[in-house]
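If you want the building blocks of each chain, they are given just below.
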Amino acid sequence: MIVVNPSLDPTLARIAPGFRVLSISAQAAPIINPALAQETLQNACRFVLENDFSWTDEHLSAWGEVFKAFGAKPKRTPCSADALRKRVLKDGTMPAIDPVVDLYNAVSIQYAIPVGGENISAYIGHPLLTFATGSEPFDTLKAGEPVMESPDAGEVIWRDDAGVTCRRWNWRQGIRTRLDSDAQNMWFILESLPAMPLQALHDAGDMLIHGLEQMMPGVQTDVKLITLP
């Protein structure tokens, strides 16, 4: 199994003190129960509409403030969790995409937490969360066609040695490292600010791991908690 050891630029503490990442490495096994992911996704949508946690609005608002701190406009490019939950609140549901993607989207929706899924085999070097210089390459799609962009200088990005893997902290993933159910070495990033209780972060990680274990018996996982000061 490839155990991922992401790095956090310590200067990020200036705009996001207390930020923490639950990093989950997973070596996949054959998917035996793909329907579980869609069921989990719909259950998460119902949870948001009917229950929800008392701290979710505060957590999403905190993400908005962090985005503003590095120059992003959260109403136009919100954090990934905010974008997903707005779709659920508008449509009442979320369409299925891919079993693994559906599962980590369910965790993101239910726990109001940005969750990324990456094919770690496609990485060159180790993941790093840092401020962009503005020269890093980022592969994405425009009008359905592949294009190469660069982030804004000072934007917070996840990157590896080859370029940007996710822009504006967790707003948009690149194509090169995108995860789907065919990947054998998976990496999940659960990103939390102090407005989210630490136990809730661990509960979100448990939900993801439990779902993976039910969906693909034999999956192996490794969990690390990494924090900024």
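Cut-off values and rules
- Residues numbered from 1 in each chain as written.
- Predicted model: local features only at pLDDT ≥ 70, side-chain atom pairs only at ≥ 80, totals over all residues.
- Heavy atoms only, no water.
- Helix = DSSP H or I, 4+ residues; strand = E, 2+ residues; numbered from the N terminus.
- Contact = heavy atoms within 4.5 Å.
- Expected span 1.5 Å × (residues − 1).
- Pairing = 2+ DSSP bridges.
- Axes fitted to C-alpha atoms, helices over the stretch in contact; angles between N-to-C directions.

Please clarify how the side chain of Thr 40 should be interpreted in this entry.
Its location among the elements puts Thr 40 in helix α1 (residues 35-50). Discounting residues that sit within four places of it in the chain, Thr 40 has contacts with Leu 103, Ala 106 and Met 207.

Sorry if this is basic, but what is going on with helix α5 (residues 198-215) here?
Turn by turn, an α-helix covers 3.6 residues, leaving residues three or four places apart pointing in a common direction. For α5, spanning 18 residues, the distance from its first C-alpha to its last is 26 Å, which sits close to the expected 26 Å at 1.5 Å a residue. Tucked into the core, α5 has its buried residues touching β2 (20-27), α1, α4 (99-111), β10 (185-192) and β11 (220-227).

Before we go on, may I ask you to explain the environment of Met 1 in this structure?
By the element assignment, Met 1 lies in the segment before β1 (7-8). Ignoring any residue separated from it by four or fewer positions in sequence, one finds Met 1 in contact with Ser 25, Ala 26, Gln 27, Asn 185, Gln 220, Thr 221 and Asp 222.

Can you help me understand the sheet that holds strand β8 (residues 163-167) in this one?
Think of a sheet as strands paired side by side through backbone hydrogen bonds, with each pair either parallel or antiparallel. One open sheet accounts for five strands, arranged β1-β4-β7-β8-β9; its pairing is mixed. The sheet is open, and its two borders are formed by β1 and β9 (172-173), each paired with just one other strand. In this sheet, strand β7 (residues 156-160) lies alongside strand β4 (residues 128-131) in antiparallel orientation, the contact comprising four bridges. The residue bridging Thr 130 from the neighbouring strand is Ile 157, located in β7.

How do you make sense of the sheet that holds β11 when you look at a structure like this?
If you walk across this open sheet you meet the four strands as β3-β10-β2-β11, and the pairing is antiparallel. In this open sheet, the two strands that pair with only one neighbour each are β3 (115-119) and β11. Neighbouring strand axes in the sheet, compared pairwise and without regard to direction, differ in orientation by 20° on average. Of the pairings in the sheet, the one linking β2 to β11 comprises eight bridges and is antiparallel in character. What sits directly across from Leu 22, in β11, is Leu 225.

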